[in-house]
Amino acid sequence: MTLRPTTAERIARARNDLRIGVPVCIAGSVVVAVESLSQSRFDALMALGRDRARLVLTERRAATLRARAYDGDVARIVLPEGATLAWLRASADPSTDLANPMKGPYHSDREGSADVHRAAIALCKQAFLLPAALVIEGAGDDAFAAANGFTTAPLLDPDPEVVVLDEASAARVPLEVSAAGRVHVFRPRDGAEEHYAIEIGQPDRTQPVLSRLHSACFTGDVIGSLKCDCGPQLRAALAQMGQEGHGVLLYLNQEGRGIGLANKMRAYALQDQGFDTVEANHRLGFEDDERDFRIGAQILKSLGFSAVRLMTNNPGKVRMMEGEGVQVAERVPLRVGETEQNAAYLATKAAKSGHFL
Ligand SMILES: Nc1nc2c(ncn2[C@@H]2O[C@H](COP(=O)(O)OP(=O)(O)OP(=O)(O)O)[C@@H](O)[C@H]2O)c(=O)[nH]1
Ligand SMILES: [Zn+2]
(Lines give C-alpha, C1' and ligand atoms only; values in the text may rest on other atoms or scores of the structure.)
(Ligands and ions follow the chains in the order given, each with its own letter.)
Protein backbone atom coordinates (compact mmCIF):
# COMPACT_ATOMS: atom_id res chain seq x y z
CA MET A 1 0.00 0.00 0.00
CA THR A 2 1.23 3.47 -0.82
CA LEU A 3 -0.24 6.92 -0.57
CA ARG A 4 1.74 8.18 -3.53
CA PRO A 5 -0.20 9.23 -6.66
CA THR A 6 -0.34 6.54 -9.35
CA THR A 7 0.93 7.03 -12.88
CA ALA A 8 -2.59 7.80 -14.13
CA GLU A 9 -3.12 10.31 -11.32
CA ARG A 10 0.16 12.08 -12.11
CA ILE A 11 -0.85 12.32 -15.75
CA ALA A 12 -4.22 13.81 -14.74
CA ARG A 13 -2.42 16.35 -12.55
CA ALA A 14 0.01 17.21 -15.33
CA ARG A 15 -2.91 17.82 -17.72
CA ASN A 16 -4.53 20.22 -15.24
CA ASP A 17 -1.22 21.99 -14.56
CA LEU A 18 -0.67 22.64 -18.25
CA ARG A 19 -4.20 23.98 -18.52
CA ILE A 20 -3.51 26.63 -15.87
CA GLY A 21 -0.06 27.46 -17.22
CA VAL A 22 2.13 25.65 -14.67
CA PRO A 23 5.13 23.74 -16.04
CA VAL A 24 5.40 19.97 -15.53
CA CYS A 25 8.38 17.66 -15.74
CA ILE A 26 8.16 14.72 -18.11
CA ALA A 27 10.97 12.17 -18.21
CA GLY A 28 13.55 14.78 -17.16
CA SER A 29 12.40 17.68 -19.38
CA VAL A 30 10.34 20.76 -18.51
CA VAL A 31 7.09 21.15 -20.46
CA VAL A 32 4.57 24.00 -20.72
CA ALA A 33 1.62 24.58 -23.04
CA VAL A 34 2.11 27.56 -25.36
CA GLU A 35 -1.50 28.69 -25.01
CA SER A 36 -1.38 29.10 -21.24
CA LEU A 37 2.25 30.27 -20.95
CA SER A 38 2.71 33.63 -19.25
CA GLN A 39 5.42 36.15 -20.11
CA SER A 40 7.13 35.78 -16.74
CA ARG A 41 7.28 31.98 -17.00
CA PHE A 42 8.51 32.26 -20.59
CA ASP A 43 11.33 34.57 -19.44
CA ALA A 44 12.23 32.21 -16.60
CA LEU A 45 12.27 29.20 -18.94
CA MET A 46 14.53 31.03 -21.40
CA ALA A 47 16.92 31.78 -18.55
CA LEU A 48 16.80 28.12 -17.55
CA GLY A 49 17.83 26.75 -20.92
CA ARG A 50 17.34 28.79 -24.05
CA ASP A 51 19.55 26.50 -26.14
CA ARG A 52 17.63 23.43 -25.06
CA ALA A 53 14.21 24.99 -25.75
CA ARG A 54 12.08 23.47 -28.50
CA LEU A 55 8.66 24.44 -29.79
CA VAL A 56 6.64 21.27 -30.33
CA LEU A 57 3.88 21.29 -32.92
CA THR A 58 1.87 18.51 -34.51
CA GLU A 59 2.69 17.39 -38.02
CA ARG A 60 -0.64 18.94 -39.10
CA ARG A 61 0.31 22.40 -37.86
CA ALA A 62 3.90 21.99 -39.10
CA ALA A 63 2.60 21.26 -42.61
CA THR A 64 0.75 24.59 -42.71
CA LEU A 65 3.88 26.40 -41.54
CA ARG A 66 6.11 24.52 -44.01
CA ALA A 67 8.14 23.13 -41.10
CA ARG A 68 9.61 19.63 -41.30
CA ALA A 69 8.22 16.97 -38.95
CA TYR A 70 10.99 14.36 -38.88
CA ASP A 71 9.28 12.46 -36.07
CA GLY A 72 6.15 11.61 -38.04
CA ASP A 73 3.36 13.02 -35.90
CA VAL A 74 5.26 15.87 -34.22
CA ALA A 75 7.86 18.49 -35.12
CA ARG A 76 10.58 19.69 -32.71
CA ILE A 77 11.37 23.23 -33.76
CA VAL A 78 14.51 25.10 -32.71
CA LEU A 79 13.77 28.57 -31.34
CA PRO A 80 15.24 31.19 -33.67
CA GLU A 81 17.49 33.97 -32.35
CA GLY A 82 15.37 36.41 -30.38
CA ALA A 83 12.24 34.23 -30.35
CA THR A 84 9.53 35.83 -28.21
CA LEU A 85 6.36 34.58 -26.58
CA ALA A 86 4.45 36.31 -29.39
CA TRP A 87 6.40 34.21 -31.92
CA LEU A 88 5.50 31.03 -30.06
CA ARG A 89 1.83 32.00 -29.97
CA ALA A 90 1.71 32.98 -33.66
CA SER A 91 3.31 29.65 -34.55
CA ALA A 92 0.77 27.75 -32.47
CA ASP A 93 -2.36 29.72 -33.37
CA PRO A 94 -3.46 29.91 -37.02
CA SER A 95 -5.78 32.89 -36.55
CA THR A 96 -3.20 35.28 -38.00
CA ASP A 97 -1.85 32.96 -40.72
CA LEU A 98 -3.51 34.77 -43.59
CA ALA A 99 -2.60 38.24 -42.32
CA ASN A 100 0.96 37.17 -41.49
CA PRO A 101 1.96 34.24 -43.70
CA MET A 102 5.77 34.58 -43.32
CA LYS A 103 6.40 33.12 -39.86
CA GLY A 104 9.37 30.92 -40.74
CA PRO A 105 11.72 29.63 -41.81
CA TYR A 106 11.43 26.88 -39.20
CA HIS A 107 14.27 24.50 -38.41
CA SER A 108 13.33 21.14 -36.94
CA ASP A 109 15.42 18.61 -35.05
CA ARG A 110 16.03 15.33 -36.75
CA GLU A 111 18.25 13.45 -34.28
CA GLY A 112 17.27 12.24 -30.83
CA SER A 113 14.03 11.13 -29.30
CA ALA A 114 10.65 12.85 -29.61
CA ASP A 115 9.00 10.86 -26.81
CA VAL A 116 8.73 13.76 -24.34
CA HIS A 117 7.51 16.07 -27.10
CA ARG A 118 4.83 13.59 -28.14
CA ALA A 119 3.67 13.29 -24.52
CA ALA A 120 3.54 17.10 -24.28
CA ILE A 121 1.25 17.31 -27.31
CA ALA A 122 -0.99 14.53 -25.99
CA LEU A 123 -1.40 16.40 -22.68
CA CYS A 124 -2.19 19.70 -24.46
CA LYS A 125 -4.91 17.92 -26.44
CA GLN A 126 -6.32 16.30 -23.31
CA ALA A 127 -6.42 19.75 -21.71
CA PHE A 128 -8.40 21.08 -24.74
CA LEU A 129 -5.61 23.60 -25.42
CA LEU A 130 -3.97 24.35 -28.76
CA PRO A 131 -1.67 21.39 -29.48
CA ALA A 132 1.61 23.28 -29.03
CA ALA A 133 4.17 23.02 -26.24
CA LEU A 134 7.48 24.51 -25.20
CA VAL A 135 9.97 21.89 -23.96
CA ILE A 136 13.24 22.66 -22.20
CA GLU A 137 15.02 19.40 -22.87
CA GLY A 138 16.81 17.72 -19.98
CA ALA A 139 16.19 20.63 -17.56
CA GLY A 140 13.59 18.94 -15.35
CA ASP A 141 15.06 16.15 -13.27
CA ASP A 142 13.37 14.99 -10.07
CA ALA A 143 15.39 17.35 -7.86
CA PHE A 144 14.39 20.32 -10.03
CA ALA A 145 10.75 19.25 -9.99
CA ALA A 146 10.76 18.82 -6.21
CA ALA A 147 12.50 22.17 -5.65
CA ASN A 148 9.88 23.99 -7.75
CA GLY A 149 6.85 21.97 -6.68
CA PHE A 150 6.25 20.74 -10.23
CA THR A 151 4.30 17.58 -11.03
CA THR A 152 6.40 14.86 -12.61
CA ALA A 153 4.70 12.67 -15.20
CA PRO A 154 5.94 9.66 -17.13
CA LEU A 155 5.81 9.28 -20.89
CA LEU A 156 2.30 8.56 -22.13
CA ASP A 157 1.26 5.28 -23.68
CA PRO A 158 0.83 6.09 -27.40
CA ASP A 159 -1.87 3.45 -27.73
CA PRO A 160 -3.80 3.65 -24.46
CA GLU A 161 -6.45 1.19 -23.36
CA VAL A 162 -9.95 2.60 -23.20
CA VAL A 163 -10.47 4.31 -19.85
CA VAL A 164 -12.60 2.62 -17.20
CA LEU A 165 -15.69 4.61 -16.18
CA ASP A 166 -17.68 4.25 -12.98
CA GLU A 167 -21.30 5.21 -12.57
CA ALA A 168 -21.26 8.11 -10.12
CA SER A 169 -25.02 8.52 -9.76
CA ALA A 170 -28.38 8.05 -11.49
CA ALA A 171 -31.91 9.35 -11.06
CA ARG A 172 -35.32 9.47 -12.69
CA VAL A 173 -35.81 12.55 -14.91
CA PRO A 174 -39.17 12.81 -16.69
CA LEU A 175 -38.59 14.15 -20.19
CA GLU A 176 -40.75 15.81 -22.83
CA VAL A 177 -40.39 12.69 -24.98
CA SER A 178 -41.08 10.21 -22.18
CA ALA A 179 -42.03 10.33 -18.53
CA ALA A 180 -39.80 7.27 -18.04
CA GLY A 181 -36.44 9.01 -18.41
CA ARG A 182 -33.38 8.22 -16.31
CA VAL A 183 -30.02 10.01 -16.34
CA HIS A 184 -26.82 8.17 -15.38
CA VAL A 185 -23.56 10.07 -14.82
CA PHE A 186 -20.33 8.20 -15.64
CA ARG A 187 -16.95 9.32 -14.34
CA PRO A 188 -13.76 8.17 -16.03
CA ARG A 189 -10.94 7.04 -13.75
CA ASP A 190 -8.39 9.21 -15.61
CA GLY A 191 -9.88 12.42 -14.22
CA ALA A 192 -11.17 13.58 -17.63
CA GLU A 193 -14.69 14.74 -18.53
CA GLU A 194 -17.79 12.96 -17.23
CA HIS A 195 -20.26 11.49 -19.74
CA TYR A 196 -23.99 10.87 -19.45
CA ALA A 197 -26.39 8.09 -20.43
CA ILE A 198 -30.06 8.97 -20.88
CA GLU A 199 -32.11 5.81 -20.58
CA ILE A 200 -35.68 5.88 -21.80
CA GLY A 201 -38.14 3.25 -20.52
CA GLN A 202 -36.73 -0.07 -19.42
CA PRO A 203 -34.96 -1.51 -22.45
CA ASP A 204 -34.70 -5.30 -22.63
CA ARG A 205 -31.00 -6.11 -22.11
CA THR A 206 -31.30 -9.29 -24.24
CA GLN A 207 -32.38 -7.37 -27.36
CA PRO A 208 -30.58 -4.75 -29.51
CA VAL A 209 -31.39 -1.38 -27.95
CA LEU A 210 -32.24 1.74 -29.97
CA SER A 211 -29.18 3.83 -29.24
CA ARG A 212 -27.38 7.05 -30.15
CA LEU A 213 -23.84 8.20 -29.38
CA HIS A 214 -24.16 11.95 -29.32
CA SER A 215 -21.09 14.15 -28.95
CA ALA A 216 -21.60 17.41 -27.07
CA CYS A 217 -22.19 20.43 -29.23
CA PHE A 218 -22.89 23.49 -27.11
CA THR A 219 -23.68 25.60 -30.15
CA GLY A 220 -26.01 23.09 -31.81
CA ASP A 221 -27.55 21.43 -28.75
CA VAL A 222 -28.13 24.47 -26.56
CA ILE A 223 -28.27 27.73 -28.52
CA GLY A 224 -29.72 26.50 -31.81
CA SER A 225 -26.72 27.06 -34.09
CA LEU A 226 -27.50 26.54 -37.76
CA LYS A 227 -23.90 25.62 -38.61
CA CYS A 228 -24.39 21.92 -37.84
CA ASP A 229 -27.16 19.35 -37.45
CA CYS A 230 -26.45 18.37 -33.83
CA GLY A 231 -29.45 19.95 -32.08
CA PRO A 232 -32.07 18.47 -34.44
CA GLN A 233 -30.26 15.09 -34.30
CA LEU A 234 -30.30 15.12 -30.51
CA ARG A 235 -33.99 15.94 -30.35
CA ALA A 236 -34.97 13.53 -33.15
CA ALA A 237 -33.11 10.67 -31.49
CA LEU A 238 -34.80 11.29 -28.14
CA ALA A 239 -38.19 11.66 -29.85
CA GLN A 240 -37.82 8.30 -31.61
CA MET A 241 -36.81 6.62 -28.36
CA GLY A 242 -39.86 8.17 -26.70
CA GLN A 243 -42.13 6.91 -29.50
CA GLU A 244 -40.72 3.39 -29.32
CA GLY A 245 -40.89 3.46 -25.52
CA HIS A 246 -37.24 2.67 -24.92
CA GLY A 247 -33.70 3.55 -25.90
CA VAL A 248 -30.36 4.84 -24.63
CA LEU A 249 -28.79 8.11 -25.68
CA LEU A 250 -25.19 8.60 -24.66
CA TYR A 251 -24.26 12.25 -24.27
CA LEU A 252 -20.49 12.22 -24.58
CA ASN A 253 -18.65 15.36 -23.51
CA GLN A 254 -16.42 15.40 -26.55
CA GLU A 255 -17.22 18.93 -27.69
CA GLY A 256 -16.01 19.85 -31.16
CA ARG A 257 -15.14 16.25 -32.12
CA GLY A 258 -12.90 16.09 -29.06
CA ILE A 259 -11.02 19.43 -29.33
CA GLY A 260 -13.09 21.44 -26.82
CA LEU A 261 -15.25 24.50 -27.32
CA ALA A 262 -12.45 27.09 -27.39
CA ASN A 263 -10.71 25.22 -30.20
CA LYS A 264 -14.03 24.64 -31.98
CA MET A 265 -14.60 28.40 -32.03
CA ARG A 266 -11.08 28.82 -33.43
CA ALA A 267 -12.08 26.30 -36.11
CA TYR A 268 -15.25 28.25 -36.82
CA ALA A 269 -13.22 31.47 -37.21
CA LEU A 270 -11.05 29.66 -39.77
CA GLN A 271 -14.17 28.42 -41.53
CA ASP A 272 -15.19 32.07 -41.90
CA GLN A 273 -11.86 32.56 -43.71
CA GLY A 274 -12.91 29.88 -46.22
CA PHE A 275 -11.55 26.61 -44.80
CA ASP A 276 -13.87 23.62 -44.45
CA THR A 277 -14.44 21.77 -41.17
CA VAL A 278 -11.61 19.28 -41.78
CA GLU A 279 -9.09 21.84 -43.09
CA ALA A 280 -9.80 24.07 -40.10
CA ASN A 281 -8.99 21.24 -37.67
CA HIS A 282 -5.75 20.52 -39.51
CA ARG A 283 -4.61 24.16 -39.51
CA LEU A 284 -5.11 24.21 -35.75
CA GLY A 285 -2.93 21.12 -35.50
CA PHE A 286 -5.66 18.55 -34.84
CA GLU A 287 -6.74 15.44 -36.69
CA ASP A 288 -10.18 15.48 -38.36
CA ASP A 289 -11.69 13.74 -35.37
CA GLU A 290 -10.03 13.50 -31.94
CA ARG A 291 -12.85 11.57 -30.21
CA ASP A 292 -12.44 8.23 -28.48
CA PHE A 293 -15.73 6.50 -29.29
CA ARG A 294 -14.72 3.41 -27.36
CA ILE A 295 -16.00 5.26 -24.29
CA GLY A 296 -19.56 4.92 -25.66
CA ALA A 297 -19.22 1.16 -26.02
CA GLN A 298 -17.82 0.94 -22.47
CA ILE A 299 -20.82 2.77 -21.04
CA LEU A 300 -23.31 0.63 -22.97
CA LYS A 301 -21.62 -2.53 -21.77
CA SER A 302 -21.60 -1.36 -18.17
CA LEU A 303 -25.35 -0.68 -18.45
CA GLY A 304 -25.77 -4.30 -19.54
CA PHE A 305 -26.23 -3.90 -23.32
CA SER A 306 -24.38 -6.00 -25.88
CA ALA A 307 -26.26 -5.11 -29.10
CA VAL A 308 -27.63 -1.86 -30.53
CA ARG A 309 -29.75 -0.39 -33.26
CA LEU A 310 -27.42 2.55 -33.75
CA MET A 311 -28.81 5.91 -34.89
CA THR A 312 -25.98 7.43 -36.92
CA ASN A 313 -24.70 8.41 -40.34
CA ASN A 314 -21.10 7.92 -39.25
CA PRO A 315 -19.56 4.59 -40.37
CA GLY A 316 -16.71 5.09 -37.88
CA LYS A 317 -19.14 4.74 -34.97
CA VAL A 318 -20.44 1.44 -36.37
CA ARG A 319 -16.91 0.05 -36.84
CA MET A 320 -15.86 1.08 -33.35
CA MET A 321 -18.90 -0.54 -31.69
CA GLU A 322 -18.26 -3.83 -33.44
CA GLY A 323 -14.56 -3.57 -32.58
CA GLU A 324 -15.41 -3.11 -28.89
CA GLY A 325 -17.73 -6.10 -28.87
CA VAL A 326 -21.09 -4.32 -29.12
CA GLN A 327 -23.03 -5.80 -32.02
CA VAL A 328 -24.68 -3.29 -34.38
CA ALA A 329 -27.83 -5.19 -35.38
CA GLU A 330 -29.02 -2.27 -37.50
CA ARG A 331 -27.83 1.19 -38.49
CA VAL A 332 -30.73 3.62 -38.20
CA PRO A 333 -30.10 6.69 -40.41
CA LEU A 334 -30.53 10.07 -38.70
CA ARG A 335 -30.87 12.77 -41.29
CA VAL A 336 -32.57 15.83 -39.87
CA GLY A 337 -31.88 19.52 -39.52
CA GLU A 338 -30.32 20.28 -42.86
CA THR A 339 -30.17 24.05 -43.39
CA GLU A 340 -28.73 26.41 -45.96
CA GLN A 341 -25.97 27.24 -43.44
CA ASN A 342 -24.90 23.66 -42.75
CA ALA A 343 -25.26 22.14 -46.25
CA ALA A 344 -21.55 22.60 -47.04
CA TYR A 345 -20.56 21.19 -43.62
CA LEU A 346 -22.67 18.06 -44.18
CA ALA A 347 -21.30 17.67 -47.72
CA THR A 348 -17.72 17.86 -46.37
CA LYS A 349 -18.48 15.19 -43.79
CA ALA A 350 -19.84 12.93 -46.54
CA ALA A 351 -16.89 13.60 -48.87
CA LYS A 352 -14.01 13.59 -46.36
CA SER A 353 -15.20 11.60 -43.35
CA GLY A 354 -17.20 8.98 -45.25
CA HIS A 355 -20.58 9.80 -43.70
CA PHE A 356 -23.61 8.09 -45.21
CA LEU A 357 -25.82 10.45 -47.16
N1 LIG B 1 -14.01 20.53 -34.74
C2 LIG B 1 -15.26 20.74 -35.15
N3 LIG B 1 -16.26 20.10 -34.52
C4 LIG B 1 -17.50 20.31 -34.95
C5 LIG B 1 -17.80 21.16 -36.03
N6 LIG B 1 -19.13 21.16 -36.22
C7 LIG B 1 -19.65 20.32 -35.28
N8 LIG B 1 -18.67 19.81 -34.53
C9 LIG B 1 -18.73 18.80 -33.46
O10 LIG B 1 -18.95 17.56 -34.09
C11 LIG B 1 -19.56 16.69 -33.19
C12 LIG B 1 -20.77 16.08 -33.89
O13 LIG B 1 -20.93 14.88 -33.38
P14 LIG B 1 -21.98 13.77 -33.78
O15 LIG B 1 -23.35 14.31 -33.63
O16 LIG B 1 -21.60 12.57 -33.00
O17 LIG B 1 -21.81 13.57 -35.32
P18 LIG B 1 -21.11 12.61 -36.32
O19 LIG B 1 -19.77 12.12 -35.96
O20 LIG B 1 -21.18 13.35 -37.58
O21 LIG B 1 -22.01 11.32 -36.43
P22 LIG B 1 -23.58 11.12 -36.61
O23 LIG B 1 -24.27 12.39 -36.24
O24 LIG B 1 -23.84 10.01 -35.66
O25 LIG B 1 -23.82 10.74 -38.00
C26 LIG B 1 -19.92 17.49 -31.96
O27 LIG B 1 -18.93 17.24 -30.96
C28 LIG B 1 -19.80 18.93 -32.45
O29 LIG B 1 -19.44 19.83 -31.43
C30 LIG B 1 -16.71 21.80 -36.68
O31 LIG B 1 -16.86 22.52 -37.66
N32 LIG B 1 -15.47 21.56 -36.20
ZN1 LIG C 1 -22.97 20.63 -33.76
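Residues numbered from 1 in each chain as written. Chains lettered and ligands numbered in written order. Predicted model: local features only at pLDDT ≥ 70, side-chain atom pairs only at ≥ 80, totals over all residues.

This next bit is on the site of ligand 1. The full set close to ligand 1 counts 22 residues, and Ser215, Cys217, Thr312, Asn313 and Asn314 are the nearest of them. Looking at the shell around ligand 1, the elements that each hand over two or more residues are β10 (209-215), α8 (230-244), α9 (255-258), α10 (261-272) and α11 (277-284). Considering every element that reaches the shell around ligand 1, the biggest residue donor is α9, with 3 residues. Looking at the shell around ligand 1 residue by residue, the class counts come to 6 nonpolar, 11 polar and 5 charged. (Near = placed C-beta within 6 Å. Helix = DSSP H or I, 4+ residues; strand = E, 2+ residues; numbered from the N terminus. Nonpolar A, V, L, I, M, F, W, Y, C, P; charged D, E, K, R; others polar.)

It is worth spelling out the sheet that holds strand β9 (residues 195-200) at this point. On the basis of which strands lie adjacent, the open sheet formed by 7 strands has the order β7-β8-β9-β11-β10-β12-β13 and mixed pairing. The sheet terminates laterally at β7 (165-172) and β13 (327-332), the two strands that pair on one side only. This sheet shows a mean twist of 25° between the axes of neighbouring strands, independent of strand direction. One ladder, built from 3 bridges, connects β10 with strand β12 (residues 307-311); its direction is parallel. (Pairing = 2+ DSSP bridges. Axes fitted to C-alpha atoms, helices over the stretch in contact; angles between N-to-C directions.)

This part takes up the domain arrangement of the protein chain. When the domains of the protein chain are assigned, the result is domain 1 (7-153) and domain 2 (165-254 + 291-353). In this structure, domain 1 and domain 2 have C-alpha centres spaced 35 Å apart. (Domains from an automatic or database assignment.)

Before going further, it helps to spend a moment on the UniProt feature "active site" (unreviewed entry) in the protein chain. This chain's UniProt record puts "active site" (unreviewed entry) on Asp289 and Arg291. Structurally, Asp289 can be placed in the loop between α11 and α12 (294-302). Note that Arg291 resides in the loop between α11 and α12. For Arg291, the contacting residues outside a window of four places in its chain are Ser215, Gln254, Arg257 and Gly258. (UniProt positions renumbered as here; feature names shortened; annotations may be inferred. Contact = placed C-beta atoms within 7 Å.)

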